Every structure is written in structure tokens, then in C-alpha cells.
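Descriptive structure summary
Residues per chain are reported as follows:
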Amino acid sequence: MGQAVAKGTMTKGSTGGDTVKALWQGLLKVLRDGRRVSALCELLWPSGSARHPAAGVLHTMHFIACEICSMCEILAEILVHNAYLVRSADPTGTQVQFGSNDTRLGGMSDRISTADLYDERGEELQSVSTQFLNLGGNTQFAGPVRTVRCHRDNALLKSILGTPGEGAVLVVDGGGALESALVGDIIAQLGVDNGWAGIVVHGVIRDRVVIGTLPIGLKALGSNPQKSSKTGAGEADVPVSFGGVTFRPGAMLFSDEDGILVEH
């Protein structure tokens, strides 16, 4: 890190951009499926002697799944090192920039450093002043912003996380309420299953021990075992503000142990 990010531009929808996006999404899907197969083999592994008729088949499936996951991780590292997509400061949004050091796969790529990133891009970025806790399994994550505003009601955010995330980060403006949790292990698992890079909750969560084992970034103010209501009240994909920062849908967000940066 510490070196300036080399950047170039290309028009959205061009062949190169579409290819990178398709490859990225394909890697995420294969990796998730491979991990599921591996976990299923371990769950079904017969107790007792290795001579059990199913042992050989499960061992082979487990080995193949692990090898596929390893290859996906290598390809992902190559992809994010050489051609990660960052939305440019172009107000029309018609171009995107290439650089290095993205970690939208949450820990499988080069380490992200928000401090280095701020040194490189400076006033292009906003720094969130709110002191969040890292509560997900991935402490470093990045991706384009999606937003939801909801107060002590998590039905809307659950429905959003149930749709394909494609490497996005869901920013949840819960008004900083500490009285009831907006995210639990089931909702966080939805984010994992649907390819979300992370969740930032301006509020609290529950099931934090389980969530800490999930391969997703999650930041929140803390935890509370009380659940929220489920009326579906709220707004989605609108600008939200907290911590001295405005989060606009589509802007890139970067998060690590030091804090959160988001594009203007």
C-alpha cells in the first residue's frame, strides 16, 4: 500500500466493464456454492470407520469443492489487484475508474487500508465520524452503496438483503436507536447467501456471536437481544446521513478496522 492508485477510465456498458462485472459475479457464485458443498460434506461425513461406503464419495466431493474455492480465491485476487471498478467523480456517472486494492470479496484480496486510501484520494472521500464496532466475520469490505432508512423495523431491510447484492454494501439508517436490533443471524445470512459485501447499521444487532462467524462485513453501534417490529415501514435507495457523512446509492464505500470512507 502507500503507492498511488493507477487509474484509467472506461464507459459503463462497454465490453471490458461488462466482462469484469460478469467475471466478478461468477466468481462470487462459484465460491459460495463451493463453500456450501464443502460444508455439506463435512456435515454428512459418516461417523466411525473410514471404510463406510459413503466416505470415499464425500471425501472426493470435499476435496474438489476445496480446490474450486482455492482457484476462485486466486482468480479473485488477480481480478481485484489489476482491475477493480471504482465509480469516478464524474457527476454524470457515465464513467468508472480502474485501480487496485479493492476488497469487495471481504478479506480474500489485497488488504484494504482506509488510511492509505484517504491519503491517495483525499477530498474525494468522506470519513464517517461515528465509532462503529466490527461485528461481522470480514473486518475489511467495500462496495457500492445501497441504502434503507427504517426505525426499529427490519422487514424492509430483510427484503432487500433477500435480493442479489452483487457485491454492494447495505447502509441501514436506523436513527441510532439502541432499543431493538435491526439485524440478526438470519438476516445477516441472507446477505451472505445473496452476495452482499457488507452491512453498516446505524443502530444495533443481535446474535453477534453467530454473525461474527459469517463471511460478511458488518458494522453496528452494538447489540441488543430485543427484536424489532416487522411492518415494512421505511424507505429504500434514498440518500441517508449520519456520522457527518451522506451516503448516496451507488457511491463506493470502503471499510476496515480504522473506519469507513465513502465517496462524495
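The present account deals with the structure reproduced in this document. The shown structure was predicted, so the numbers you read here are calculated from the model rather than taken from an experiment. (Residues numbered from 1 in each chain as written. Predicted model: local features only at pLDDT ≥ 70, side-chain atom pairs only at ≥ 80, totals over all residues. Heavy atoms only, no water.)

Some thoughts on the overall build of the protein
Summing up its helical and strand segments, the protein has six helices and 15 strands in all. When burial is assessed residue by residue, the protein has 46% of its 264 residues classed as buried. In the protein, once contacts between residues fewer than 6 apart in sequence are set aside, the share between residues at least 24 apart is 74%. Here the protein has roughly 12500 Å² of accessible surface; of this, 57% comes from carbon and sulfur atoms. (Helix = DSSP H or I, 4+ residues; strand = E, 2+ residues; numbered from the N terminus. Buried < 20%, exposed > 50% of the residue type's maximum accessible area, 1.4 Å probe, protein only. Contact = heavy atoms within 4.5 Å. Areas by Shrake-Rupley, 256 points an atom, 1.4 Å probe, with all protein chains shown as cover.)

Some remarks on the packing of aromatic side chains
Applying the stated criterion across every chain, the model contains two aromatic pairs. With 6.0 Å between their ring centres and 65° between their planes, Phe132 and Phe242 make a pair best called edge-to-face. Note that Phe132 is positioned in the loop between strand S4 (125-127) and strand S5 (133-134) and Phe242 in strand S12 (residues 240-242), a separation of 110 residues in sequence. Taking the relative accessible area as the measure of exposure, Phe132 reaches 14% and is therefore buried. (Phe/Tyr/Trp six-rings, centres within 6.5 Å; stacked < 30°, edge-to-face > 60°.)

A closer look at a nonpolar patch on the surface
A cluster of nonpolar residues, Val30, Phe63, Ile64, Ile68 and Met71, forms a patch on the protein surface that exposes about 440 Å² of accessible area. If you tally residues by element for the nonpolar patch, the top one is helix H2 (residues 53-82), at four residues. Of note, Ile64 is situated in helix H2. Since its relative accessible area comes to 44%, Ile64 is described here as partly exposed. (Patch = residues over 30% accessible without salt bridge, like charges linked within 9 Å, V, L, I, M, F, W, Y side chains within 5 Å. Salt bridge = Lys/Arg side-chain N within 4 Å of Asp/Glu carboxyl O.)

Focus: the environment of Leu182
For Leu182, the position within the fold is in strand S8 (residues 181-183). Sequence separation between Leu182 and Val204 is 22 residues, and the spatial gap between their C-alpha atoms is 6.2 Å. With residues up to four places along the chain from it excluded, the contact list for Leu182 reads Cys150, Arg152, Asp153, Asn154, Leu157, Val172, Gly174, Ile187, Val201, Val204 and Ser228.

Observations concerning the nonpolar core
Formed by 24 residues in total, the largest nonpolar core has its most connected members in Leu157, Val172, Val183 and Leu218. Elements that contribute at least two residues to this core include exactly helix H4 (155-161), strand S7 (169-173), S8, helix H5 (185-193), strand S9 (198-205) and strand S10 (217-223). Here the element with the most residues in this core is H4; it accounts for four residues. Those residues in contact with Leu218 that sit more than four places away from it in its chain are Leu133, Asn134, Leu135, Gly136, Asn138, Phe141, Val183, Ala188, Ile199, Ile205 and Ile211. Listed in part, the 17 residues of the second largest apolar core include Phe132, Ala197, Val200 and Val245. (Core = buried A, V, L, I, M, F, W, Y, C linked by side-chain atoms within 4.5 Å.)

Section: the side chain of Asn224
With respect to the helices and strands, the residue Asn224 is situated in the loop between S10 and strand S11 (235-236). Classification of Asn224 as buried rests on a relative accessible area of 17%. A polar side-chain atom of Asn224 sits 3.0 Å from the main-chain amide nitrogen of Gln226. The residues touching Asn224, leaving out its near neighbours within four places in the chain, are Leu178, Glu179, Ser180, Ala181, Val204, Ile205 and Arg206. (Polar contact = N/O pair within 3.5 Å; in protein donor to acceptor, adjacent residues only side chain to side chain.)

A closer look at H5
For H5, the full list of buried residues reads Ile187, Ala188, Gly191 and Val192. Buried residues along H5 cover an arc of 155° about the axis, so they all sit on one side. Looking one or two residues past H5, Gly195 carries a phi angle of roughly 80°, positive in sign. (Arc of directions from axis to C-beta.)

A few points about the side chain of Thr147
Summarising the element assignment, Thr147 is placed in strand S6 (residues 141-149). Taking the relative accessible area as the measure of exposure, Thr147 reaches 0% and is therefore buried. Only 2.6 Å separates the side chain of Thr147 from the backbone oxygen of Val238, close enough to count as a polar contact. Aside from chain neighbours lying at most four places away, what touches Thr147 is Ile160, Leu170, Val171, Glu235, Ala236, Asp237, Val238, Val240, Phe247 and Pro249.

Digging into the pattern of salt bridges
Once their charged atoms are close, side chains differing in charge can pair, the charge on each being opposite to the other. Tallying each qualifying case throughout the model produces five salt bridges. For Glu263, the salt bridge goes to Arg121, with nearest N and O atoms at 2.8 Å. Placement of Glu263 in strand S15 (residues 259-263) and of Arg121 in helix H3 (residues 114-121) is noted, with a sequence separation of 142 residues between them. Of the two residues, Glu263 and Arg121, neither departs from the other in class, the shared state being buried. The partner of Asp173 in a salt bridge is Arg149, with the nearest N and O atoms 3.8 Å apart. Of the two residues, Asp173 sits in strand S7 while Arg149 sits in strand S6, which places them 24 residues apart along the sequence. Asp173 sits in the buried class, given a relative accessible area of 10%. Taking the relative accessible area as the measure of exposure, Arg149 reaches 30% and is therefore partly exposed. Taken together, the shared-partner salt bridges in this structure form one network comprising Arg121, Glu124 and Glu263.

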